[in-house]
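These are the residues of each chain, in order.
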Amino acid sequence: MRVAVVTFDGFNELDSFIASALINRCRADGLEAFITTPMPVVTSMNGVPVTGQRPIEFVTEAEVVLIGSGVKTRDVVADDRLLSMLPLDPGRQLIGSQCSGALVLARLGLLGGMPVCTDRTSRPFVEAENVTVLDVPFHAQGNIATAGGCLASQYLATWVITRTLGESAARAVLDYVAPVGENDETVERALGVVHRGSGLTLR
């Protein structure tokens, strides 16, 4: 199972790298994430150049697609050519967005009236697309999920791992990366947020 972490120029490092790093702890179980970019090298909002692991066309092959956030998302959604390179299909793919990535999902017409999560800076632009924004960090309906706030990327990753490999796999990853002494609290908080946001049953 392959995850395309779509990463545009001006991207937020926390959004792309936290989700990718958590998911890639499941490589041995067959779940792997790739930084997926529309050009060979993209530069983060803080000036860090990153070479993409997969080209943007990879989104058509991936079983999971996560749309990252960044300071140039409004430029992305204004670029019809770039949007045409994102023929996403929630019928066969898990699709998620982080912060301003919700604006991309809205412009692609994938939300179908579902409310979303996004960051406070992006909220007015998402609402301008007639999309309801929730005051929670994570929400999912069916095969589409949205997360709001940079550190909410852990919830997006937890959702992907839970949906593809099951809760036990998500627990193992969260326990590994949790701050020392906060393991149980970290695991239960993340799984609880995903449970409340998507209706998944904890086991």
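Structure: see above.
What you see is a predicted model, and the numbers here were worked out from it, not measured in a lab. (Residues numbered from 1 in each chain as written. Predicted model: local features only at pLDDT ≥ 70, side-chain atom pairs only at ≥ 80, totals over all residues. Heavy atoms only, no water.)

J.: Looking at this model, I keep getting lost on helix 7 (residues 167-177). Mind explaining?
T.: Every α-helix winds through 3.6 residues per turn, so residues three or four apart in the chain are directed the same way. Listing the buried residues of helix 7 in full gives Glu 167, Ala 169, Ala 170, Val 173 and Leu 174. Viewed end-on, helix 7 has its buried residues packed into an arc of 160°, placing them on one side of the element. With respect to the buried face of helix 7, the exposed residues turned more than 90 degrees away are Ser 168 and Tyr 176. On its buried side, helix 7 packs onto helix 1 (13-23), helix 6 (153-165) and helix 8 (183-198). (Buried < 20%, exposed > 50% of the residue type's maximum accessible area, 1.4 Å probe, protein only. Helix = DSSP H or I, 4+ residues; strand = E, 2+ residues; numbered from the N terminus. Arc of directions from axis to C-beta. Contact = heavy atoms within 4.5 Å.)

J.: What am I meant to see in the nonpolar core here?
T.: Buried together is how nonpolar side chains tend to be arranged in soluble globular proteins. Val 3, Ile 23, Leu 66, Phe 138, Trp 159, Val 160 and Ile 161 are the most contacted members of the largest nonpolar core, which has 32 residues in total. It is helix 6 that provides the largest number of residues to this core, a total of 6 residues. Filtering out sequence-adjacent residues up to four positions away, Ile 161 remains in contact with Leu 22, Ile 23, Cys 26, Leu 31, Gly 166, Ala 169, Ala 170 and Val 173. (Core = buried A, V, L, I, M, F, W, Y, C linked by side-chain atoms within 4.5 Å.)

J.: How do you make sense of the packing of helix 7 against helix 8 when you look at a structure like this?
T.: A pair of packed helices is characterised by two quantities: the angle between their axes and the separation of those axes. Where helix 7 meets helix 8, the closest approach of the two axes is 9 Å, and the angle between their N-to-C directions is 135°. What the angle tells us is that helix 7 and helix 8 run oblique. For helix 7 against helix 8, the interelement crossing comes out right-handed. Residues Glu 167, Ala 170, Arg 171, Leu 174 and Asp 175 of helix 7 lie in contact with helix 8, whose contacting residues are Asn 183, Thr 186, Val 187, Glu 188, Ala 190 and Leu 191. When grouped by side-chain class, the residues that make up the contact of helix 7 with helix 8 number 5 nonpolar, 2 polar and 4 charged. (Axes fitted to C-alpha atoms, helices over the stretch in contact; angles between N-to-C directions. Parallel < 35°, antiparallel > 145°, perpendicular 65-115°, else oblique. Left-handed = near helix turned anticlockwise from the far one by under 90°. Nonpolar A, V, L, I, M, F, W, Y, C, P; charged D, E, K, R; others polar.)

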